[in-house]
Amino acid sequence: MTFEALGLNTSIIKALTDAGYTKPTPVQEQAVPAAIAGKDLLVSSQTGSGKTAAFMLPSLHRLSALEPSAASRTHNQEMQAARARGERPRFKPAQPKMLVLTPTRELALQVTTNTDKYSVNLRRLKAVSILGGMPYPKQMQLLAKNPEILVATPGRLIDHMESGKIDFSQLEILVLDEADRMLDMGFIDDIEKIVEATPDTRQTMLFSATLDGVVGNMARRITKDPQIIQIMSAANKHENITQRVHFVDDLSHKNRLLDHLLRDDSLDQAVVFTATKRDADTIADRLNIAGFSAAALHGDMHQGARNRTLDSLRRGQVKVLVATDVAARGIDVPTITHVFNYDLPKFPEDYVHRIGRTGRAGRNGLAISLVNHAEGMNVKRIERFTKQLIPVNVIEGYEPKKSAPPRSTSRPGGWKPGDNRGGAKPGQRTFSKPNAPRRDGASGGGYKGSNPRSNDGARRSYGDR
Ligand code: ADP
Ligand code: MG
């Protein structure tokens, strides 16, 4: 892959060549074309993977193609004319086209330095840092030049906004660099205020070490239909976790299969993920009736009850935890051998998070998704996201009536034979013998018929989010 192939203009490519960049890094390969197309981006990748250029290059490309607005021309002409007359120009608020928010001064300066390097051949585009600790007159001087690009720490920027020195009505691009760190540093209110002051039509790009939890929530709030780019390091590819999909016809089939899989001899402890708090409660109840020591964990429970449940899980008293995404974050219990997706998560990154509850402390784990035929597309989304194919499994006696939908035979990018630890080649089904005898005849699990809902397994409630 070359920088040309990413669609960048020749002035930028020349600057990159002069800077000694010969080819884009993986995060740049993915982010640059999407950002040139105007997409919002949520990006997580390791430190040193080249994220600055990943947002700056497409932004410079887009901004250099924009005509300077009439307002900005007048602004600059008035300033120049006043200076030519030897007058001190009347201050007008700066109207940047792009804003990069960073947690620290050092990082802001680094971004500005890199921007200068990438934009040497684009004379109109100037980047300026607005930082805490910089003398105020110096900052006013910089803002008076009406720079196209502002790189700022949130606190100081708010000061200038509140005193009317910056007007974001012309803003085209907003970047939050190291968003997780900014939130850790307590900048959330400032960030919200700044985002509020920018036009809804802006393009938003957010970079963070993680897209989980608070950052993820904010990220989804401030972006529109974002493209999610996660460049995972080997450590979080979950290579020690075997993944499988089992197709089910309906909820009663799903319940029977879950019951069967939970009786697997190799199972020590398991987490079953559901989409809603209500399902977590109902399924935990049903599993208890069926003889498992199960407990629910979700966001509606008081902290005390949550802690008690987690303690019981750690002590091994709870064998099956039935949890929603919100409650299950951060569970680190090495004896969890199995993770079940009773419902698929709404967001592919949550899948990665969920299956990471097993295979901890260097052990192996098994992650099984029980999927209705109608959810085949969601499995594909997850596969695209993780760049791993998830083999489909069928267990004798628990076969779906409908045959599994055709799986893609093309490999998602980056997948190599042998990456796939599930045993099956893509598109190929594996048959495994039930390794525990079934106790209850042909109808399977012990809580059949107790489901009050319609039996279409493809429900769309994600009530816990
Ligand atoms: P991150 O923000 O992901 O931690 P940076 O954007 O700070 O990473 O980049 C890390 C280093 O890699 C910088 O020195 C940068 O100049 C360099 N770099 C970025 N992209 C490329 C590239 N395509 N080729 C060579 N060096 C690069
Ligand atoms: Mg960086």
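Residues numbered from 1 in each chain as written. Chains lettered and ligands numbered in written order. Predicted model: local features only at pLDDT ≥ 70, side-chain atom pairs only at ≥ 80, totals over all residues. Heavy atoms only, no water.

- For the protein, an unreviewed UniProt entry supplies the name DEAD/DEAH box helicase and the organism Rugamonas fusca.
- Quoted verbatim from the Sequence similarities (unreviewed entry) field of UniProt, the annotation for the protein is "Belongs to the DEAD box helicase family." (UniProt positions renumbered as here; feature names shortened; annotations may be inferred.)

1. A word on the site of ligand 1
Consideration 1: Residues in contact with ligand 1 amount to 13 residues; listed here are only the nearest, Tyr21, Lys23, Gln28, Gly48 and Thr52.
Consideration 2: The backbone of Ser49 places a nitrogen or oxygen atom 3.1 Å from an oxygen atom of ligand 1.
Consideration 3: Surface burial for ligand 1 is 72%, taken as the share of its 570 Å² of free accessible area covered by protein chains.
Consideration 4: Each residue belonging to the shell around ligand 1 can be placed in one class, and the counts come to 3 nonpolar, 8 polar and 2 charged. (Near = heavy atom within 4 Å. Polar contact = N/O pair within 3.5 Å; in protein donor to acceptor, adjacent residues only side chain to side chain. Areas by Shrake-Rupley, 256 points an atom, 1.4 Å probe, with all protein chains shown as cover. Nonpolar A, V, L, I, M, F, W, Y, C, P; charged D, E, K, R; others polar.)

2. Some remarks on the sheet that holds strand β1 (residues 41-44)
Consideration 1: The strand order across the open sheet formed by 7 strands is β3-β4-β2-β5-β6-β1-β7, and the pairing between neighbours is parallel. Unpaired on one side and paired on the other, β3 (127-130) and β7 (227-230) mark the two borders of the sheet. Taken over all neighbouring pairs, the strand axes of this sheet differ in orientation by 15° on average, direction set aside.
Consideration 2: Inspection of the sheet shows β1 paired to β7 by 4 bridges, in the parallel sense. (Pairing = 2+ DSSP bridges. Helix = DSSP H or I, 4+ residues; strand = E, 2+ residues; numbered from the N terminus. Axes fitted to C-alpha atoms, helices over the stretch in contact; angles between N-to-C directions.)

3. Examining the packing of aromatic side chains
Consideration 1: Enumeration over the complete set of coordinates arrives at 2 aromatic pairs.
Consideration 2: In this structure, Arg220 packs its charged tip against the face of Phe347, placed 4.0 Å from the ring centre.
Consideration 3: Sitting above the plane of the Tyr342 ring, Lys254 keeps its charged end 4.7 Å from the centroid. (Phe/Tyr/Trp six-rings, centres within 6.5 Å; stacked < 30°, edge-to-face > 60°. Lys NZ or Arg CZ within 6 Å of the ring centre and 35° of its normal.)

4. What about the UniProt feature "short sequence motif: Q motif" (unreviewed entry) in the protein?
Consideration 1: Taking the UniProt record as the reference, the feature "short sequence motif: Q motif" (unreviewed entry) is found at residues 1-29.
Consideration 2: Taken end to end, residues 1-29 is 45% helix and 0% strand, and its two terminal C-alpha atoms sit 8 Å from one another.

5. A closer look at the environment of Ile188
Consideration 1: Structurally, Ile188 is set in helix α9 (residues 188-196).
Consideration 2: Measuring from C-alpha to C-alpha, the distance between Ile188 and Met218 comes to 8.8 Å, with 30 residues separating the pair along the chain.
Consideration 3: Among residues more than four places away in sequence, those in contact with Ile188 are Leu183 and Val214. (Contact = heavy atoms within 4.5 Å.)

6. Things to note about the packing of helix α7 (residues 154-162) against α9
Consideration 1: One can describe the packing of α7 onto α9 by two numbers: an axis separation of 9 Å at closest approach and a directional angle of 45°. Relative to α9, α7 is oriented oblique. Every pair of crossing elements has a handedness; the one defined by α7 and α9 is left-handed. Contacts from Pro154, Gly155, Leu157, Ile158, Met161 and Glu162 of α7 reach α9 at Asp190, Ile191, Lys193 and Ile194.
Consideration 2: In terms of residue class, the contact of α7 with α9 is built from 6 nonpolar, 1 polar and 3 charged. (Parallel < 35°, antiparallel > 145°, perpendicular 65-115°, else oblique. Left-handed = near helix turned anticlockwise from the far one by under 90°.)

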